[in-house]
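# Understanding the architecture of this molecule
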Amino acid sequence: SQVRAALARHGGVKTTAIRVSVVDAIVKLNGHVATLLEKRAAQGIAAGVPNVRAVIDDLMIQPTDRAITADEVLAERAYEQLAANPSVPLDRIHVSARDGILTVRGDVDHPYQWQALQTELESLEDVREIRNEVSTLGRPGPSGGRKGPG
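Keep in mind the model is a prediction, meaning the values are calculated, not measured.

Turning our attention to the nonpolar core. In this structure, Leu7, Leu29, Leu82, Ile93, Leu102, Leu117 and Leu121 are the most contacted members of the largest nonpolar core, which totals 34 residues. Once residues within four sequence positions are removed from consideration, isoleucine 93 is found in contact with Leu82, Val88, Val104, Arg105, Asp107, Val108, Leu117 and Val134.

Take a look at the structure:
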């Protein structure tokens, strides 16, 4: 299919464990990928194929052959990733991890800071879900955060 070909052309998505079905221009993605970033890329690629009306994402995140990262290590890597981005006010952000799910709390001044935080965390391996509960300009963060696979 056009969707499978588009996924195969993209270097950031491994298609060996992805099944694609199309019914009435609605694409369904099943199977697993190694990272949240790869999952987001597959969603975007499928949605960008001409004549696709919608994408149903049933992809699961399954880390590669190595052992799943311990929560303490994952939280530390998340903090280090955020520290590398000057847009993220680390002194107002708290990151915790449990079973591969990152929960982020705190506040930022601007929406671009919230988005920078989200983007940085999505690039981490072994993250199954991000619960971004960070507030922007006194407004509460999204209810339950941006949900990934899980």
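The subject of this paragraph is the pairing of strand β3 (residues 54-61). For strand β2 (residues 26-33) and β3, the ladder comprises eight bridges, and the chain directions are parallel. In the strand pairing of β3, valine 27 is matched with valine 55. Between β2 and its parallel partner β3, the chain crosses via helix α2 (residues 36-47), and the hand of that crossover is right-handed.

A separate point is the sheet that holds strand β5 (residues 101-108). Here we have three strands laid out as an open sheet, ordered β4-β5-β6, and mixed in their pairing. Each edge of the sheet is formed by a strand with only one pairing partner; in this case those strands are β4 (93-98) and β6 (129-136). For this sheet, the mean angle separating the axes of adjacent strands, direction not counted, is 10°. Where β5 meets β6, eight bridges bridge the pair, whose relative direction is parallel. The partner of threonine 103 across the bridge, within β6, is arginine 131.

What follows deals with helix α1 (residues 2-9). Buried residues of α1: Val3, Ala6 and Leu7, and no others. The arc that holds every buried residue of α1, seen down its axis, measures 100°, which confines them to one face. Turned more than 90 degrees off the buried face of α1, the exposed positions are Gln2, Ala8 and Arg9. On the buried face of α1, the contacting elements are β1 (18-23), β2 and α2.

Our focus in this paragraph is the side chain of glutamine 113. Along the polypeptide, glutamine 113 turns up in helix α4 (residues 111-122). Its relative accessible area of 9% is what places glutamine 113 among the buried residues. A distance of 2.8 Å separates a polar atom in the side chain of glutamine 113 from the backbone nitrogen of histidine 110. Excluding anything up to four places from it in sequence, glutamine 113 contacts Ser87, Val88, Pro89 and Val108.

Let us look at α4. Under the 1.5 Å per step criterion, the end-to-end length of α4 is 17 Å for twelve residues, consistent within 8% with the ideal 16 Å. Of the positions making up α4, those classed as buried are Gln113, Trp114, Ala116, Leu117, Gln118, Glu120, Leu121 and Glu122. Of the surrounding secondary structure, the elements contacted by the buried residues of α4 are α2, α3 (71-83), β4, β5 and β6.

In this section: unusual backbone geometry. Backbone phi values are negative for most residues with the exception of glycine, while trans is the configuration of most peptide bonds. The residue asparagine 51 is not glycine, and still its phi comes out positive at about 75°. Tracing the backbone shows asparagine 51 in the loop between α2 and β3. Of note in this structure, aspartate 99 is not a glycine but carries a positive phi near 55°. Note that aspartate 99 resides in the loop between β4 and β5.

The full count for this structure, using the stated rule, is seven salt bridges. The closest approach of N and O atoms between lysine 28 and aspartate 58, which form a salt bridge, is 3.4 Å. One end of the pair, lysine 28, is in strand β2; the other, aspartate 58, is in strand β3, and 30 residues separate them in sequence. Classification of aspartate 58 as partly exposed rests on a relative accessible area of 36%. Here arginine 92 makes a salt bridge to aspartate 107, at a shortest N to O gap of 2.8 Å. With arginine 92 in the loop between α3 and β4 and aspartate 107 in strand β5, this pair connects stretches of sequence that are 15 residues apart. A cluster of three or more residues bridged by salt bridges with shared partners is formed by Arg92, Asp107 and Asp109.

About the criteria used
Residue numbers here run from 1 along each chain, matching the order of that chain's written sequence. pLDDT decides what is reported in this predicted model: residues at 70 or higher carry local features, side-chain atom pairs at 80 or more are listed and counted, and totals for whole chains, interfaces and linings draw on all residues regardless. Side-chain metrics in this entry use all non-hydrogen atoms of the structure; hydrogen atoms and water are not considered. Nine residue types can take part in a nonpolar core, namely buried Ala, Val, Leu, Ile, Met, Phe, Trp, Tyr and Cys, and a core is a set of them joined through side-chain atoms within 4.5 Å. Burial classes: relative accessible area under 20% of the type maximum marks a residue as buried, over 50% as exposed, and values in between as partly exposed (1.4 Å probe, protein chains only). Two residues qualify as a contact provided that any one of their heavy atoms is within 4.5 Å of a heavy atom in the partner residue. If DSSP finds at least two bridges between two strands, the strands pair. Per the convention used, a helix needs a DSSP run of H or I reaching at least four residues, while a strand needs a run of E reaching at least two, with both numbered from the N terminus. We call a crossover right-handed when, viewed with the strands running away from us, the connection from the first strand over the helix to the second turns clockwise. In this description, a line fitted to the C-alpha atoms serves as the axis of each element, helices being fitted only across the stretch in contact, and the angle between N-to-C directions of two axes falls anywhere from 0 to 180 degrees. The directions from the helix axis to the C-beta atoms are what the arc is built from. Throughout this description, a polar contact denotes any pair of N or O atoms lying within 3.5 Å of each other; where both atoms belong to protein, one of them has to be capable of donating a hydrogen while the other can accept it, and for residues adjacent in sequence the pair is counted only when both atoms sit in side chains. Working rule for helices: expected span equals 1.5 Å times residues minus one. Salt bridges, as used here, are contacts in which a Lys or Arg side-chain nitrogen is within 4 Å of a carboxyl oxygen on Asp or Glu.

Shape descriptors only; they carry no functional weight alone.
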